[in-house]
Amino acid sequence: MIPVNGKERGIIYTFYSFKGGVGRSMALANVAALLAKWGHSVLVVDWDLEAPGLERFFGVQDLRTKRPGIVDLVQARKNGESLRWRDCVIEIDVHGSSTRLSLITAGRSGPDYTARLHSLNFPELFDHGDLGSYIEELRNEWVSEFEFVLVDSRTGVTDIGGICTVHLADVLVLLFTTTESSVEGAMQILERARKEQEHLPLDRRRLLAVPVPARDESRTEYERAAEWKKRFAEQFSELYRDWLPSGKTALDAIDLLRIPYIPYVELWRAAASNRGGHERPCELGPRVRDTGSHSCDAPRLVRGAERPNTCSSADAQAPRTR
Ligand SMILES: Nc1ncnc2c1ncn2[C@@H]1O[C@H](COP(=O)(O)OP(=O)(O)OP(=O)(O)O)[C@@H](O)[C@H]1O
Ligand SMILES: [Mg+2]
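These numbers come from a predicted model, not from an experiment.

With respect to the overall build of the protein chain
Phase 1: Counting its regular elements, the protein chain contains 10 helices and 10 strands.
Phase 2: A burial count over the protein chain gives 40% of its 322 residues as buried.
Phase 3: Considering only contacts within the protein chain whose residues lie at least 6 apart along the sequence, 73% involve residues at least 24 apart.

Structural data, given as structure tokens:
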């Protein structure tokens, strides 16, 4: 939470990667489930409107045919109809957590989803509709109700991605892999978002970034991975410096944050054995109840133990307050 005008409010973390398929949605789902397990209120939003599917990680894909989401909200606003974001929320119970995790999908799924998405001209809605103020409204309501809002963004450089990286984000979680274009794309999007935020007619704190090496292969490609780690540290040291505690280096942060690439079956086994049980990660088969709320486990992809204060590899924490 951060204090604003004497009140505490939550923080919006936008998960962004320049390229697709790096494990962005999986990381977001893991972080959300762990935060809920630790007792925080969390809202996750699938804003990857062109390639949606965040709900799969929580095993509630069937509900997307029934429940509206982001596309429906924007469409309703465009047509002057009333649809509340609260009517879009799917509540998910995370095992072992007393708090709930709320999910808003990209939009009601069905044969007309793509046509409905393409009927929305986002630049036009910003210029001649009131999409900018509507997004600001959503943003303010979300951060007043949730401690953490995690937004899954579109990849590349797009108008829809710009909503997530420029308009919504307090913090950009930048996932990248060991390719030049992935690293440069992450830097470019941050620079662009910072520049565009300066032109918003709204009050914004400096946009922070958490660079996260995804699909880390240190376990199998040690030397190559070590070279890349040095390269990442050089490229992103300034971004880490914005929020790292003194005495900690970019390399410490990279060690703590990197997400190992684990072939799937191994991942499932590791997650099960870490809990000493046979339970499966969300994506592999959460237990869905009929009560209207839906339950899942937290897979243990995010390294750093069960609670934030037990992280051992470094004292580094993702930025939460400024
Ligand atoms: N750390 C990991 N180790 C092994 N497999 C992973 C890991 N993270 C994700 N995966 C696998 O890679 C696939 C892609 O992951 P995910 O959907 O999270 O990527 P994404 O970056 O969100 O992709 P997209 O851009 O298509 O939305 C997943 O189905 C998952 O099986
Ligand atoms: Mg995804």
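Points about the nonpolar core
Phase 1: Among the nonpolar cores identified, the biggest contains 79 residues, and Ala32, Leu150 and Leu174 are the most heavily contacted of them.
Phase 2: When sequence neighbours within four positions are dropped, the list of residues in contact with Ala32 reads Val42, Val44, Leu101 and Leu150.

Examining the environment of Arg24
Phase 1: Mapped onto the elements, Arg24 comes out in helix α1 (residues 24–37).
Phase 2: On the basis of neighbour count, Arg24 is assigned to the buried category, with 24 C-beta atoms found within 10 Å.
Phase 3: Separated by 128 residues in sequence, Arg24 and Asp152 place their C-alpha atoms 7.6 Å apart.

Remarks on the pairing of strand β8 (residues 171–176)
Phase 1: Of all six residues making up β8, six are buried, and the element is well covered by its neighbours.
Phase 2: A two-sided burial pattern is seen for β8, the buried positions comprising Val171, Val173 and Leu175 on one face and Leu172, Leu174 and Phe176 on the other.
Phase 3: Where strand β3 (residues 11–17) and β8 come together, five bridges link them in parallel fashion. Paired with Thr14 across the bridge in β8 is Leu172.

Digging into the site of ligand 1
Phase 1: Around ligand 1 sit 17 residues, and of these Gly20, Gly23, Arg24, Ser25 and Met26 come closest.
Phase 2: Examining the composition of the shell around ligand 1, we find that three residues originate from one element, α1, more than from any other.

Rules behind the numbers
- Position numbers for residues start from 1 in each chain and track the written sequence from start to end.
- To read the labels, note that chains go from A and ligands from 1, taken in the order they are written.
- Side-chain atom pairs in this predicted model are given and counted only at pLDDT of 80 or more, local residue features only at pLDDT of at least 70, and totals for whole chains, interfaces and linings cover all residues.
- For helices the rule is a DSSP run of H or I covering at least 4 residues; for strands it is a run of E covering at least 2, with both sets numbered from the N terminus onward.
- Once C-beta atoms are placed from the backbone, each residue is buried if 20 or more other C-beta atoms lie within 10 Å of its own, exposed if 12 or fewer, and partly exposed for counts between those two.
- Whether two residues are in contact depends on their C-beta atoms, placed from the backbone: they are in contact if these lie within 7 Å.
- Think of a nonpolar core as buried Ala, Val, Leu, Ile, Met, Phe, Trp, Tyr and Cys residues chained together by C-beta atoms that fall within 7 Å.
- By definition, two strands form a pair when at least two bridges between them are found by DSSP.
- Contact assignment follows one rule, namely that a residue is near a molecule or strand if its backbone-placed C-beta atom lies within 6 Å of it.

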